[in-house]
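# An overview of the molecular structure
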Amino acid sequence: MLNANIRAIRLQAGLSLDKAALRTGLSKSDLSRLENGHSPITATKLETIAAAYGVRAGDLFEGQIVPVQDDMNLDHLGQVVEMVERIIIALDTRPRPEKVRKAVVETMRLSRQDALRTADAEFDPTRYTGMVKAIFED
């Protein structure tokens, strides 16, 4: 099932094996063998593939594949950055850049998933304030 999910997410992203290989850094033949179940999937490869396709590794196991959108809404990204910056300003110390990146990426990913699951969903990054604070406290 995992192999089929890896192929499905690649196809949903509109990627050929060649393009997927460039995006993941894996060879075309490695990806083909993984998708066809002829090669074991290591945790490292799974994380690499999930990140390259814009999903969590757990989503591949669960079969909850969210299609990767080609367009990024820059206004939404701006709203997320502003929300994260307001949280940072309220902190005693500035979080490490990798934590800021994680907060922005996770908020965007979750917001996109909400929008895809519910057609009339409003974009509201503030619903993830608690998650962002937890990322900075970790």
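Provided above is the structure to which this section pertains.
These numbers come from a predicted model, not from an experiment.

What follows is about the overall build of the protein chain. Broken down by element type, the protein chain carries eight helices and zero strands. Taken from N to C terminus, the helices and strands of the protein chain fall in the order α-α-α-α-α-α-α-α. Seen through its C-alpha atoms, the protein chain measures out along the principal axes to roughly 50 × 35 × 25 Å. Relative to its full complement of 138 residues, the protein chain shows a buried share of 35%. Here the analysis covers contacts within the protein chain between residues at least 6 apart in sequence; of these, 63% occur between residues at least 24 apart. A total accessible area of about 8300 Å² is found for the protein chain, and carbon and sulfur atoms account for 53% of it. Charged side chains of the protein chain number 19 positive and 20 negative; the gap between the two group centres comes to 6 Å.

Reading guide: rules and limits
Residues numbered from 1 in each chain as written. Predicted model: local features only at pLDDT ≥ 70, side-chain atom pairs only at ≥ 80, totals over all residues. Heavy atoms only, no water. Helix = DSSP H or I, 4+ residues; strand = E, 2+ residues; numbered from the N terminus. Buried < 20%, exposed > 50% of the residue type's maximum accessible area, 1.4 Å probe, protein only. Contact = heavy atoms within 4.5 Å. Areas by Shrake-Rupley, 256 points an atom, 1.4 Å probe, with all protein chains shown as cover. Lys, Arg positive; Asp, Glu negative; His and termini not counted. Charge placed at Lys NZ, Arg CZ, Asp CG, Glu CD.

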